[in-house]
Every structure is written in C-alpha cells, then in structure tokens.
Amino acid sequence: MHSIVAFSLRAEFKFQIPANVKYTDLVGDYINRFTQPCFSDEQLRQFSARLNMANAGKKVLRKLHMQQFGA
C-alpha cells in the first residue's frame, strides 16, 4: 500500500513537501506510477465482503436507533 496526502490548489506550502504529498489535480498521476499490485484478487474479495458486512450492520444499527429514539 502507498500513502498519499492531497491538498486543494488553494494550499500554499512554505517548505519542501514529501513525494507523497500532492495537490488534488496531481493525485491520479501519482497513483498511476504504481503498477505492482498490493493485494491478490482473493484479498480484495475478502476486503469487499468485510466492507459490505460492516455497511449492512451500520444500516441495522441506524434502523434500531430510529426505532428507539424516533425521527
């Protein structure tokens, strides 16, 4: 995995910024420099399944909250 920090074009830096700090319009170019996959297809499927489960749980909790406190 590679970390990146993005700033809007309004940001002004008063110092030399690291290579992984970019303005938003340069993020795509920076990401496209990396061609080696970080995760296998199976790992990506597992991540997706976990995110979907978390999202489903969030919806259930929201529904319970609404029932309990009304909205």
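Just so it is clear, the structure is predicted and the values come from calculations on it, not from any experiment.

Participant: Explain the overall build of the protein here, please?
Facilitator: Looking only at helices and strands, the protein has 2 helices and 2 strands in total. In terms of C-alpha radius of gyration, the protein reaches 19 Å, well past the compact-globule figure of 11 Å for 71 residues. For the protein, the spread of C-alpha atoms along the principal axes amounts to about 50 × 35 × 15 Å. Counting all 71 residues of the protein, 7% fall into the buried class. By element, 58% of the accessible surface of the protein is carried by carbon and sulfur atoms, the whole surface being about 6500 Å². In the protein, the 10 positive side-chain charges and the 5 negative ones have mean positions that sit 12 Å from each other.

Participant: Quick question: what am I supposed to make of the packing of aromatic side chains here?
Facilitator: Centre distance and the angle of the planes are the two values used to describe a pair of aromatic rings. Within this structure, the stated rule accounts for 5 aromatic pairs. On the numbers, 4.9 Å between centres and 90 degrees between planes, the contact of Phe-39 with Phe-47 is edge-to-face. For Phe-39, a relative accessible area of 28% translates into the label partly exposed. When its relative accessible area of 34% is taken as the criterion, Phe-47 is described as partly exposed.

Participant: Any chance you could explain helix 2 (residues 41-69) here in plain terms?
Facilitator: The periodicity of an α-helix, 3.6 residues per turn, causes residues three or four places apart in sequence to face the same way. Taking 1.5 Å per residue as the helical rise, helix 2 with its 29 residues ought to reach 42 Å, and the 42 Å between its terminal C-alpha atoms agrees with that figure. Positive phi appears at Gly-70, one or two residues downstream of helix 2, with a value of about 70 degrees.

Participant: I tried to follow the environment of Ser-3 on my own but got confused; where do I start?
Facilitator: On the secondary structure map, Ser-3 appears in the segment before strand 1 (5-7). Sequence separation between Ser-3 and Tyr-30 is 27 residues, and the spatial gap between their C-alpha atoms is 11 Å. Excluding residues that lie within four positions of it along the chain, Ser-3 makes contacts with Asn-20 and Tyr-30. A polar contact is formed between the side chain of Ser-3 and the side chain of Asn-20, at a distance of 3.2 Å.

Participant: Just to check I follow, could you spell out a nonpolar patch on the surface for this structure?
Facilitator: Residues Val-60, Leu-61 and Leu-64 make up a contiguous nonpolar surface patch of about 290 Å² in total accessible area. With respect to the element layout, Leu-64 can be found in helix 2. According to the relative accessible area criterion, Leu-64 is partly exposed, its value standing at 46%.

Participant: What should I look at first to understand the side chain of Lys-22 in this one?
Facilitator: Tracing the chain through its elements places Lys-22 in strand 2 (residues 21-23). Despite its burial, Lys-22 remains without a salt bridge, the nearest opposite charge being carried by Asp-29 at 8.8 Å. A distance of 3.3 Å separates a polar atom in the side chain of Lys-22 from the backbone oxygen of Ala-19. Leave out the neighbours within four places in its chain, and Lys-22 touches Ile-4, Val-5, Ala-6, Phe-7, Val-27 and Tyr-30.

What counts and what doesn't
- Here the residue index of a chain counts from 1 through its sequence in written order.
- Per-residue local features of the predicted model are confined to residues with pLDDT of at least 70, and side-chain atom pairs are confined, for both listing and counting, to 80 or more; whole-chain, interface and lining totals are unaffected and use all residues.
- Heavy atoms from the whole structure form the basis of all side-chain values; hydrogens and water molecules are not counted.
- A run of H or I in DSSP becomes a helix once it reaches four residues, and a run of E becomes a strand once it reaches two; helices and strands are each numbered from the N terminus.
- This radius of gyration counts C-alpha atoms alone. The globule rule is 2.2 Å times how many residues there are, raised to the power 0.38.
- Burial status follows relative accessibility: with a 1.4 Å probe on protein chains alone, a residue under 20% of its type maximum counts as buried, one over 50% as exposed, and anything between as partly exposed.
- Here the accessible surface of atoms and residues is derived via Shrake-Rupley with a 1.4 Å probe, and residues count as covered only by protein chains that are part of the display.
- Positive charges are assigned to Lys and Arg, negative charges to Asp and Glu, while His and the chain termini are left out of the count.
- By convention, the charge on Lys lies at NZ, on Arg at CZ, on Asp at CG and on Glu at CD.
- Here a pair means two rings of Phe, Tyr or Trp (six-membered ring of Trp) with centres within 6.5 Å. Their orientation is stacked below 30 degrees between planes, edge-to-face above 60, and tilted elsewhere.
- Here the expected length of a helix is defined as 1.5 Å per residue gap, with one fewer gap than residues.
- In what follows, a contact means two residues having at least one pair of non-hydrogen atoms within 4.5 Å.
- Each polar contact in these results corresponds to two N or O atoms within 3.5 Å; when the atoms are within protein, one needs to be able to donate a hydrogen and the other to accept it, and residues that are neighboring in sequence are counted only if both atoms are side-chain atoms.
- Two joining distances apply to patches: 9 Å for like charges and 5 Å for nonpolar side chains (Val, Leu, Ile, Met, Phe, Trp, Tyr), and every residue must have over 30% relative accessible area and no salt bridge.
- Criterion for a salt bridge: a side-chain nitrogen of Lys or Arg within 4 Å of a carboxyl oxygen of Asp or Glu.

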